[in-house]
Amino acid sequence: MENKNSIAANLVYNRKLKGLTQKELSEKTNVTVRTIQRIEKGETEPHLQTVKLLAAAMEIEVDDLIPLDNPKEESIQKKWLLLFHATPFIGFILPLFNVFIPLFLWIHKKEDNILYYEHGRKVINFQITLVIAVILAFIALITIEGVGFFVFIGILPLAVVIMLFNIISVVNRNKCYYPLSIPFLSKKKGINSKKGKTIAILLLPIFLVSSTSYSQTIERLDGTEISRDSLSSHITFLMNDANVPGMVVSVFNDNRLSYSKSFGFRNNNEKLKLNDTTNIYGASLSKAVFSVIVMKLVEENVIQLDTPLESYLPKKIYEYEPQTKWHDDYSDLKKDSLYHKITARMCLAHTSGFPNWRFFEPDKKLRVKHTPGSRYLYSGEGMVYLQVVLEKLTGKGFEELAKEIVFQPLNMENSSYKWQEEFEKGYALGHNSMGQAYVKDKDNEPRAPSTLETTLEDYNKFLLAVLNKKILKAESWDELFSPQVRIHSLRQFGPLAEKDGDLNDDIKLSYGLGWGLFQTPYGWGAFKEGFGSGFQHHSVIFPECGSGILMMTNSENAGGIFKELLEVAIKDTYTPWEWNFYTPYNSQVNE
């Protein structure tokens, strides 16, 4: 009865100090006169909410009415206070549970005792502040080289020290101190249960995104899983063993990004770190973006896939005055009798008959080597021809078309088919097989199949748009990933590209529109590679199950680790690695 008597005496004292009768106090609080009388006589212990109403009516603090001196009650409070201060450590395992658990406790216990109210409020304010600080520190990590790293690694240890200090303080003195907390829950007003649940609802989407799109494990094609840490360790091992200076890798599950990480150096000579926003030469990854641009123009009836490209122009292609150093010079075709059959479909499917590049030919001249549409022959020249026709047809440069159709809609702010001044702040150099950096080729003439400059962050956006069928209509995506030509060549390049066999008949190796295709138990796999200037890249997606992987490197050695990484990361054992020249670096097999 000691605590009841203390409340009774304090209520009588403060009521009379304010000059209030029991009836007047009742009218100000909606607490009945009978209840006030029973409290003042020590016949009942009031609920905390009742005490708060009485204190507010008399314009005093709750502490002025309800002291805490019951030893048994003190023991009960210790247990609950420890829960408030200790359970946030679960947040280091389950994201955002450092906020959810104390918030849940606070909503249900804050009315029972003023200590629960105050300690819970302080814990929640600190933990929400911590979540915001970690997000800002992560942004600093990927945007501020050097300093951002130390900011990021310093946040969590500091938080642990503060949380442990408060647990000890609560055990010894029932006191807590959380510096630098943002007062989301104010001392006077706080929030009611309804608002507390609102905070939980608002935080829930963040939790779901962090726990699903960035889960601790990656699901592979066959349903097995690999932890993110295991994949990172494997990538690091292979890079070191195969002498690959820099690499960025992303993995996609269920049409979402589930893993994205940068490794090594963008400049091995100077040991400059590679990160998600480092500019990387995309090489032939350019072609995948180009295929989407073309299909968008097909949707807009600017061009048709099966109409000979020459028919769109008022004069012969070789009659136009070249506007670039070389790629729109078609004077070599003046005596060619086959080029006029070439269509947009043939250019995207690599059946135009043009060689890969004219400068690989013995005489450096452009010619049609096979009847257009008759067989697969990888050709950058075919896509450049389509690009030039589109530029003349639309009156727009290719860079302008790329911005309008892909880069701006997808917020790919660090991508361009032309070298931009802002790329100077951080770009990757290609490296030879010895790990030595090449001089950067800053190409200023946009070419659809080969000059894309991009970043891991930006190309992730592109592949996510492909997996989620954005930009284009569903039927356009179906067309893009439909086999246009079966591939029987033994290799993609070199002498064996002209020789046929049954090496890849089991996966029905084919080409779609801008992407290679192969059949698997999980639907068609669509791949696009990139090679040149000391860079090697590979991407493959499985549109039917929403999975895929992107690997971009600045090393001529990288092809030697692609086969193993495809198998380890996503259990892709179907990619035609021999056809792509992805001979494992530790293999004794020679071509």
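Residues numbered from 1 in each chain as written. Predicted model: local features only at pLDDT ≥ 70, side-chain atom pairs only at ≥ 80, totals over all residues. Heavy atoms only, no water.

Colleague: Got a sec to walk through the overall build of the chain? Specific residues and values, please.
Modeller: Looking only at helices and strands, the chain features 17 helices and 13 strands. Rg of the C-alpha trace for the chain: 34 Å, well past the compact-globule value of 25 Å for 591 residues, more than 25% over. Overall, the C-alpha framework of the chain stretches about 115 × 55 × 45 Å when taken along its three principal axes. Burial statistics for the chain: of 591 residues in total, 51% are counted as buried. (Helix = DSSP H or I, 4+ residues; strand = E, 2+ residues; numbered from the N terminus. Rg over C-alpha atoms; globule rule 2.2 N^0.38 Å. Buried < 20%, exposed > 50% of the residue type's maximum accessible area, 1.4 Å probe, protein only.)

Colleague: Give a description of the nonpolar core that names residues and reports values.
Modeller: In this structure, F290, Y385, L386, V406, F462 and W515 are the most contacted members of the largest nonpolar core, which totals 72 residues. A total of ten residues in this core trace back to one element, the largest contributor, which is helix α11 (residues 285-299). Ignoring anything within four residues of it in the chain, the contact list for Y385 reads L309, E310, I317, Y330, Y339, I342, C347 and F354. Membership of the second largest hydrophobic core comes to 44 residues, among which are L48, V99, W106 and V131. (Core = buried A, V, L, I, M, F, W, Y, C linked by side-chain atoms within 4.5 Å. Contact = heavy atoms within 4.5 Å.)

Colleague: An account of the pairing of strand β12 (residues 535-542) is needed here, citing residue identities and associated values.
Modeller: Burial analysis of β12 places eight of its eight residues in the buried class, the great majority of the element. Relative to β12, strand β11 (residues 523-532) runs antiparallel, the two sharing seven bridges. Counted as the bridge partner of F531 is Q536 from β12. The antiparallel pairing of β11 with β12 creates a hairpin that spans two residues between the two strands, and S533 there sits at a positive phi of about 55°. (Pairing = 2+ DSSP bridges.)

Colleague: Explain the packing of aromatic side chains to me, and be specific about the residues and the numbers.
Modeller: Applying the stated criterion across every chain yields a total of 31 aromatic pairs. Considering the side-chain rings of W106 and Y117, the 5.6 Å spacing of their centres and the 40° angle between planes classify their relative orientation as tilted. Placement of W106 in helix α6 (residues 97-109) and of Y117 in helix α7 (residues 114-143) is noted, with a sequence separation of eleven residues between them. Here W106 and Y117 have matching classes, each one buried. Considering the side-chain rings of Y376 and W579, the 6.0 Å spacing of their centres and the 45° angle between planes classify their relative orientation as tilted. Remark: W579 occurs in the segment after α17 (559-570) and Y376 occurs in the loop between α12 (344-349) and α13 (380-394); sequence separation between them is 203 residues. In terms of burial, Y376 and W579 fall into one category: buried. Members of the aromatic cluster, connected to one another through ring pairs, are Y376, Y511, F518, F527, F542 and W579. Between the NZ or CZ atom of R358 and the centre of the ring of Y330, over which it lies, the distance is 5.7 Å. The ring centre of W577 lies 5.3 Å from the NZ or CZ of K563, which sits over that ring. (Phe/Tyr/Trp six-rings, centres within 6.5 Å; stacked < 30°, edge-to-face > 60°. Lys NZ or Arg CZ within 6 Å of the ring centre and 35° of its normal.)

Colleague: Lay out the packing of helix α2 (residues 22-29) against helix α3 (residues 33-40) with the relevant residues and their values.
Modeller: For the pair α2 and α3, interaxial distance at closest approach is 9 Å and the crossing angle is 120°. In terms of axis orientation, α2 runs oblique to α3. Note that α2 runs across α3; the crossing there is right-handed. Packed against α2, whose contacting residues are Q22, K23, L25 and S26, the element α3 presents V33, I36, Q37 and E40 at the interface. By residue class, the composition of the contact of α2 with α3 is three nonpolar, three polar and two charged. (Axes fitted to C-alpha atoms, helices over the stretch in contact; angles between N-to-C directions. Parallel < 35°, antiparallel > 145°, perpendicular 65-115°, else oblique. Left-handed = near helix turned anticlockwise from the far one by under 90°. Nonpolar A, V, L, I, M, F, W, Y, C, P; charged D, E, K, R; others polar.)

Colleague: Explain the sheet that holds strand β8 (residues 485-486) to me, and be specific about the residues and the numbers.
Modeller: Sheet strands pair via backbone hydrogen bonds, and the direction of the pair is either parallel or antiparallel. In space, the nine strands of this open sheet follow the order β5-β4-β3-β13-β12-β11-β10-β9-β8, with antiparallel pairing throughout. Edge strands, defined here as strands with exactly one partner in the open sheet, are β5 (272-273) and β8. In this structure, strand β10 (residues 516-520) lies alongside β11, joined through five bridges in antiparallel fashion. Bridge pairing in β11 links T520 to G523. This element, α17, spans β3 (246-253), β12 and β13 (547-553) of the sheet and lies at about 150° to β13.

Colleague: I'd like to hear about the environment of Q49, residue by residue, with values.
Modeller: Mapped onto the secondary structure, Q49 falls in helix α4 (residues 48-57). A C-alpha to C-alpha distance of 26 Å links Q49 and S181, two positions 132 residues apart in sequence.

Colleague: Describe the pattern of salt bridges, naming the residues involved and giving the relevant values.
Modeller: Under the definition given, this model contains 21 salt bridges. E445 is the partner of R447 in a salt bridge, and the nearest nitrogen-oxygen pair spans 3.8 Å. Each of E361, D363, R367 and K369 takes part in a single network of salt bridges with overlapping partners. (Salt bridge = Lys/Arg side-chain N within 4 Å of Asp/Glu carboxyl O.)

Colleague: Just give me the short version of the confidence of the model for the chain, but keep the residues and values in it.
Modeller: Where the model shows low pLDDT, its predicted coordinates should not be examined in detail. Confidence in the prediction for the chain averages 88 pLDDT; 91% of positions are at 70 or higher. Segment residues 68-75: pLDDT under 50, and eight contacts once partners within four positions in sequence are set aside and those in other chains are kept. Scored below 50 in pLDDT, residues 206-214 shows 18 contacts in the model against residues more than four places distant or in partner chains. (pLDDT = per-residue confidence, 0-100.)

Colleague: So what's going on with unusual backbone geometry? Which residues, and what values?
Modeller: Although it is not a glycine, D254 sits at a positive phi angle of roughly 50°. Note on placement: D254 falls in the loop between β3 and β4 (256-267). The class of D254 is partly exposed, set by a relative accessible area of 46%. Although it is not a glycine, N411 adopts a positive phi angle of roughly 55°.

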